[in-house]
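Each chain, written out:
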Amino acid sequence: MSAVTPERAIALLQDLIALPSVNPRFSDPDDLKGEGRVAAFLAERLSDLDFVVQPPTAAAGGNLIARFGEEGAALKMSFEAHLDTVGVSGMEIEPFRAEIRDGRIFGRGACDCKGPLASLLAALEAADLRPLRDAGIAIEVVGAVREESGNEGAEELARSGYRTDWLMVLEPTGLDVVHAHKGAFWFRVELRGQAAHGSAPEAGLSAIDGMLDLITAMRQHTSRAARLLEDSVLGPPTLNIGVIRGGDALNVVAPLCTIEADRRTLPAEDMGELEREILDLLAEMKQAGKIRAGRLEIIRRRPAFQGRPDVRLSRALLDACRRTGHPARTVGAAWYSDAGVLAPCAGQTVVFGPGSISDAHTARESIAVEQLLAGTVILRRFIEDLPRTLRSAEC
Ligand SMILES: [Zn+2]
């Protein structure tokens with residue numbers, strides 16, 4: 001058990017990177033797609049550690065679930081990591097070779113999310129798990145599919161009635177303990193105006209002018225939400241207009257304009273409310289004769305995650321950081337993860353893992369070896385301390 005060194009994490013990560021698991025919804029070659037290879041690898045490693053591996057079922061969304069310990073344990077501690085990666089087109093490194101250079105391991109998924117998963121596997125291999133079972137603790141590993149296309153695997157798991165006591169969603173947090181993150185509301189708006197000769201704009205209805213008004217109004221709504229919902233951990237909600245298309249020619253009044261926008265939400269915001277606000281604006285603009293028609297299409301709704309920094313799970317993880325000589329910080333994050341979807345299924349939830357989110361999805365994705373090893377050491381300590389954590393929670 002203890003003979004396994006943290007360096008094992010490097011070998012495990014190299015094995016994981018070598019197994020392509022591009023999200024099936026990306027337009028990469030078919031032979032690179034699907035989580036099956038990584039799921040099989042994970043199942044084999046966990047079986048070796050006496051985990052009972054449930055075969056991926058349609059009911060659980062095709063996610064892999066493996067458990068060490070009793071079903072009705074006093075504490076079920078679940079670790080969740082997504083098994084898919086984004087695509088590899090445009091990458092400036094060899095995506096599956098897992099080269100080590102300058103203290104970093106390069107490859108698709110190196111930090112998102114195979115690095116954190118390798119840290120967990122290495123920690124489980126190194127830890128002595130028997131005292132956990134004796135203490136009535138079950139460890140569960142969930143390998144979730146299709147995260148990068150919108151948390152699909154996690155959503156199906158939540159719909160299947162999944163429950164756990166404590167949940168750690170593994171993501172590259174730079175070893176900070178993330179106890180809250182924003183949500184994402186992605187949408188498309190199409191405005192229709194009326195074409196006319198460019199020399200007589202009053203004879204038409206410019207969809208571009210309409211869109212400028214709409215964007216201004218949406219910005220005002222976002223600023224008002226920022227003032228009303230001041231969130232010292234997550235900061236203000238944001239609005240980014242990532243795409244705008246409109247008009248046919250410079251001497252024609254634009255009959256059509258479309259935007260695609262990314263509104264990052266706070267936990268206190270209701271996405272249904274955001275949708276109604278935009279629909280109300282469109283109705284007002286139509287009523288005022290500024291547009292002929294407006295259409296809203298929701299592309300994605302991903303819930304924010306609001307945990308607390310002072311719950312037992314967060315404190316135990318912070319304690320494991322401190323006891324292994326690493327900085328212990330709780331933070332909020334602007335990105336979203338499976339935690340937004342799965343937190344309602346768990347008593348307590350945190351997001352944690354080695355690697356930097358700024359390296360995720362990049363053309364030269366990598367993780368610092370030092371982060372990977374630190375993650376392994378912290379997770380091992382956290383796992384081995386669980387009986388003590390449980391005892392102190394009871395008194
Ligand atoms: Zn991820």
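Residues numbered from 1 in each chain as written. Predicted model: local features only at pLDDT ≥ 70, side-chain atom pairs only at ≥ 80, totals over all residues. Heavy atoms only, no water.

**Q** Give me the lowdown on the overall build of the protein chain, citing residues and values where you can.
**A** Within the protein chain, the secondary structure is distributed over eleven helices and 16 strands. Since a compact globule built from 395 residues should have a radius of gyration of about 21 Å, the 24 Å found for the protein chain is in line with a globular shape. Expressed along its principal axes, the backbone C-alpha trace of the protein chain runs to roughly 80 × 50 × 40 Å. Buried positions account for 55% of the 395 residues belonging to the protein chain. The long-range share in the protein chain, meaning contacts at least 24 apart out of those at least 6 apart in sequence, stands at 81%. (Helix = DSSP H or I, 4+ residues; strand = E, 2+ residues; numbered from the N terminus. Rg over C-alpha atoms; globule rule 2.2 N^0.38 Å. Buried < 20%, exposed > 50% of the residue type's maximum accessible area, 1.4 Å probe, protein only. Contact = heavy atoms within 4.5 Å.)

**Q** Lay out helix α8 (residues 312–323) with the relevant residues and their values.
**A** The first and last C-alpha atoms of α8 sit 16 Å apart over twelve residues, in line with the 16 Å expected at 1.5 Å per residue. Of all the residues in α8, the buried ones are Leu313, Ser314, Ala316, Leu317, Leu318, Ala320 and Cys321. In the stretch just after α8, Gly325 is the one whose phi turns positive, near 80 degrees. (Expected span 1.5 Å × (residues − 1).)

**Q** Account for the coordination of the zinc ion, naming residues and giving values.
**A** Distances from the zinc ion to its protein donors, His82 (NE2), Asp112 (OD), Glu171 (OE) and Glu171 (OE), fall within 1.8 to 2.7 Å. Seen from the zinc ion, its four donor atoms lie at angles of 52 to 150 degrees, and the figure they make is irregular. In the primary structure, the donors to the zinc ion are separated according to the pattern H-x29-D-x58-E. A residue pair is termed long-range when its members are at least 10 positions apart, and His82 in strand β3 (residues 75–82) and Glu171 in the loop between β7 (164–170) and β8 (177–181) qualify at 89 residues. You'll find His82 and Glu171 in the same group, each marked buried. (Donors = N, O, S within 2.8 Å, 3.2 Å for Na, K, Ca; no water. Tetrahedral: all angles 85-135°; square planar, octahedral: opposite > 155°, others 65-115°.)

**Q** Report on the pattern of salt bridges, specifying residues and quantitative values.
**A** Throughout the structure, instances matching the rule amount to 32 salt bridges. A salt bridge links Glu152 to Arg25; its shortest N-O distance comes to 2.5 Å. Here Arg25 lies in the loop between α1 (8–17) and α2 (36–48) and Glu152 lies in helix α5 (residues 152–159), a separation of 127 residues in the sequence. With a relative accessible area of 14%, Glu152 lands in the buried category. (Salt bridge = Lys/Arg side-chain N within 4 Å of Asp/Glu carboxyl O.)

**Q** Lay out the sheet that holds strand β11 (residues 256–265) with the relevant residues and their values.
**A** What holds strands together in a sheet is hydrogen bonding between their backbones, with the strands either parallel or antiparallel. The sheet built from four strands is open, its strands ordered β10-β11-β9-β12 with antiparallel pairing. Bordering the open sheet on either side are β10 (238–246) and β12 (293–302), each of which pairs with just one other strand. Taking the axes of each pair of neighbouring strands and ignoring which way they run, one obtains an average angle of 15 degrees across the sheet. Where strand β9 (residues 183–192) and β11 come together, ten bridges link them in antiparallel fashion. Within the sheet, the bridge partner assigned to Val189 lies in β11 and is Ile259. (Pairing = 2+ DSSP bridges. Axes fitted to C-alpha atoms, helices over the stretch in contact; angles between N-to-C directions.)

**Q** I'd like to hear about unusual backbone geometry, residue by residue, with values.
**A** In this chain, Asp112 is followed by Cys113 through a cis amide linkage whose omega measures 10 degrees. Positive phi, normally seen in glycine, also occurs at Arg146, with a value near 45 degrees. You can see Arg146 is positioned in the loop between β6 (137–144) and α5. Residue class for Arg146 comes out buried when judged on its relative accessible area of 18%. The residue His361 is not glycine, and still its phi comes out positive at about 65 degrees. Within the secondary structure, His361 is located in the loop between β15 (346–352) and β16 (366–368).

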